[in-house]
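Each chain, written out:
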Amino acid sequence: MQKKLLAEAIGTFWLVFGGCGSAVLAAAFPGLGIGFTGVSLAFGLTVLTMAYAVGGISGGHFNPAVSVGLTVAGRFPAASLLPYIIAQLVGAILAAAVLYLIASGKADVDLGGFAANGYGEHSPGGYGTLSALLIEIVLTAGFLIVILGATHGRVPAGFAPIAIGLALTLIHLISIPVTNTSVNPARSTSQAIFAGGWALQQLWLFWVAPIVGAVIGALLWKGAGEQN
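In this report, the structure presented in the accompanying data block is examined.

So, how was this worked out
Residues numbered from 1 in each chain as written. Predicted model: local features only at pLDDT ≥ 70, side-chain atom pairs only at ≥ 80, totals over all residues. Heavy atoms only, no water. Helix = DSSP H or I, 4+ residues; strand = E, 2+ residues; numbered from the N terminus. Rg over C-alpha atoms; globule rule 2.2 N^0.38 Å. Buried < 20%, exposed > 50% of the residue type's maximum accessible area, 1.4 Å probe, protein only. Polar contact = N/O pair within 3.5 Å; in protein donor to acceptor, adjacent residues only side chain to side chain. Phe/Tyr/Trp six-rings, centres within 6.5 Å; stacked < 30°, edge-to-face > 60°.

1. Details of the overall build of the protein
Right, so step 1: Scanning the protein for helices and strands turns up 9 helices and 0 strands.
Right, so step 2: Listed N to C, the secondary structure of the protein is α-α-α-α-α-α-α-α-α in terms of helices and strands.
Right, so step 3: Whereas a compact globule of 228 residues would reach a radius of gyration of roughly 17 Å, the protein reaches 17 Å, a difference of no more than 12%.
Right, so step 4: Each of the three principal axes of the protein carries a C-alpha extent, and together these read 55 × 35 × 30 Å.

Quick look at the structure:
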């Protein structure tokens, strides 16, 4: 179990550092910024690369909502759920801390929202609470369906990380303007801790919506008659 937890912490560290790091450091770089598309690709690539790197050890969840969804679907033991979530949070917070130290090293730095998730006035596009709830629920549900399908025994082995990484890229392409894209409570928590204030006040949504979405996705998958 210790090796699995370490793998989850490493994988979640990479996801947050790579994905949020691209948003904080590279998205708006003058004249050469990678923008929403680049950030979306960065998040997808973090999952794809770490799923290959350590997915064989821990299953490659890197996300409390994914762990919950896999538990509901019968793919993951409930007894391991809390330790996995703790490991994911540790990895995410460490990544945000390193990113904060790096980003703070620039003269006259303005970290803004530090890639935190938000709604209302803190949504990149000004979207309200209901919009944020709906998009996070729907996209997390879809993400779980992709994960469960891509890792099903009938699918050729070795290709799941590609489908899952591309799915996360698509999710970000859709929802960055709405919430800055969470679908991952660990990612949201780590950035909110360093953004503080409004980000911590709005953090509840980025736990509730992804977990609800993950449960819905798992139940839809099971309802389709698929076997574990």
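Right, picking up where we left off after that structure.
2. Quick word on helix α7 (residues 185–195)
Right, so step 1: Most of α7 is tucked away, with 8 of its 11 residues classed as buried.
Right, so step 2: Residues Pro185, Ala186, Arg187, Ser188, Thr189, Ser190, Gln191 and Ala192 constitute the buried set of α7.
Right, so step 3: If you check the start of α7, you find a side-chain oxygen 3.0 Å away from the backbone N of Ala186, and it comes from Asn184.
Right, so step 4: Directly after α7, the chain includes Gly196, whose backbone phi takes a positive value near 65°.

3. Section: the packing of aromatic side chains
Right, so step 1: In the structure shown here, the tally under the stated rule is 7 aromatic pairs.
Right, so step 2: Residues Tyr100 and Phe114 carry aromatic rings whose centres are separated by 5.7 Å and whose planes lie at 80° to one another, so their mutual orientation is edge-to-face. Linking Tyr100 in helix α4 (residues 81–103) with Phe114 in the loop between α4 and α5 (129–150), this pair joins segments that are 14 residues apart in sequence.
Right, so step 3: An aromatic cluster is built from Tyr100, Phe114 and Phe194, whose rings are joined through pairwise contacts.

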